[in-house]
Amino acid sequence: MNTHTASMQALTASIGAHRPLDEQEIQLISSFFKLKSVKRKTPLLQAGEAAHHLYFVVQGILHMYYADEQGSLHSCYFFMPGELATDLESFSKKIPAGNYIEALTRVDYLYISCKDTILLMRESPAFNKYILDIVEATATQNINRTKDLLSLQPESRYQKLLATRPDIIKQVPQKYIARFLGMSPESLSRIRSRIVA
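Rules used throughout
Residues numbered from 1 in each chain as written. Predicted model: local features only at pLDDT ≥ 70, side-chain atom pairs only at ≥ 80, totals over all residues. Heavy atoms only, no water. Helix = DSSP H or I, 4+ residues; strand = E, 2+ residues; numbered from the N terminus. Buried < 20%, exposed > 50% of the residue type's maximum accessible area, 1.4 Å probe, protein only. Core = buried A, V, L, I, M, F, W, Y, C linked by side-chain atoms within 4.5 Å. Contact = heavy atoms within 4.5 Å. Salt bridge = Lys/Arg side-chain N within 4 Å of Asp/Glu carboxyl O. Axes fitted to C-alpha atoms, helices over the stretch in contact; angles between N-to-C directions. Parallel < 35°, antiparallel > 145°, perpendicular 65-115°, else oblique. Nonpolar A, V, L, I, M, F, W, Y, C, P; charged D, E, K, R; others polar. Polar contact = N/O pair within 3.5 Å; in protein donor to acceptor, adjacent residues only side chain to side chain. Phe/Tyr/Trp six-rings, centres within 6.5 Å; stacked < 30°, edge-to-face > 60°. Pairing = 2+ DSSP bridges.

1. Details of the environment of I61
Relative to the assigned elements, I61 resides in the loop between β3 (53-59) and β4 (62-67). The exposure class assigned to I61 is buried, which follows from its relative accessible area of 3%. C-alpha separation for the pair I61 and F78, spaced 17 residues apart in sequence, amounts to 6.5 Å.

What follows is the structure in structure tokens.
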């Protein structure tokens, strides 16, 4: 089995979890996606540019972040294997992105253009359902994350991430997790030490 075939199997399994796929639909979806590998620190999207592609992570981690007015960096999300990555607002509205997307590790991903995404959503009911479900889940995630940052104490934010996304805790370097949780690396280190103790 070649790498593209194995990668497409991961994507179609992810889509199939939202709505069953037949062989014809699998072949159709496969014809739209291309496979690419990039090294750590490779930028996929720069703030100020429009997001023209969706990325399905096969292996590795993509990091979405933004810079505030003081130039401090804040992590928005870590896209793990099996997840779909882009700046959704920029992608859907064709406006400049407010975020950067960069490879946190070496990453293998499948990608599709904005134009082809629209076309495939029209032609594949399963892909259409998949995209709509991702958009809905992302909106819910963003609301919950904002509420957590505003209402939870730092240690509670870490405990919640540990309970809901242990993969992020295990695989993402501590300085990025600290940015994601809205605290300094030193504060995160103290919290982790207390929990271990």
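2. Some remarks on the nonpolar core
L11, I29, F33, L62, F127 and Y130 are the most contacted members of the largest nonpolar core, which totals 36 residues. When neighbours within four sequence positions are excluded, F33 is seen to be in contact with H4, M8, L11, L110, Y111, I112, L120 and F127. If you look at the next biggest cluster of nonpolar residues, it comprises 17 residues, including L161, I168, Y176 and I177.

3. Some thoughts on the pattern of salt bridges
The final tally for this structure, using the stated rule, is 8 salt bridges. One connected set of salt bridges, linked through shared partners, spans E83, R165 and D167.

4. Quick notes on the packing of helix α2 (residues 23-32) against helix α4 (residues 114-123)
Relative orientation of the contacting elements α2 and α4 amounts to 175 degrees, with a least axis distance of 11 Å. If you check the angle between α2 and α4, you find them roughly antiparallel. On α4, the residues that touch L28, I29 and F32 of α2 are D116, L119, L120 and E123. Across the contact of α2 with α4, the residue classes tally to 5 nonpolar, no polar and 2 charged.

5. Thoughts on the side chain of R165
Inspection of the secondary structure assignment puts R165 in the loop between α6 (154-164) and α7 (166-171). Among the polar contacts made by the side chain of R165, one reaches the side chain of Y77 at a distance of 2.9 Å. Apart from residues no more than four positions distant in its own chain, R165 is found in contact with Y77, M80 and E83.

6. Details of the environment of M183
By the element assignment, M183 lies in the loop between α8 (174-181) and α9 (185-196). Distance from M183 to T12, taken between C-alpha atoms, is 37 Å for residues 171 residues apart in sequence. Ignoring any residue separated from it by four or fewer positions in sequence, one finds M183 in contact with P154, R157, A178, L188 and I191.

7. Quick notes on the packing of aromatic side chains
One pass over the full model with this rule turns up 7 aromatic pairs. Ring geometry for F127 and Y130: centres 6.2 Å apart, planes at 45 degrees, overall tilted. Placement of the pair is F127 and Y130 together in helix α5 (residues 125-151), with a separation of 3 residues, close to one helical turn. Here F127 matches Y130 in class, with each residue buried. An aromatic cluster of three or more residues is present, and its members are F33, F127 and Y130.

8. Describing the pairing of β3
Within β3, 5 of the 7 residues are buried, leaving the element largely enclosed by the surrounding structure. Bridge count for β3 against strand β8 (residues 107-113) is 6 bridges, and the pairing is antiparallel. Looking across to β8, one finds that L54 is bridged to I112. Judged from the 2 bridges that link them, β3 and strand β6 (residues 84-85) form a sheet pairing that is antiparallel. Paired with F56 across the strands is L84, a residue of β6.

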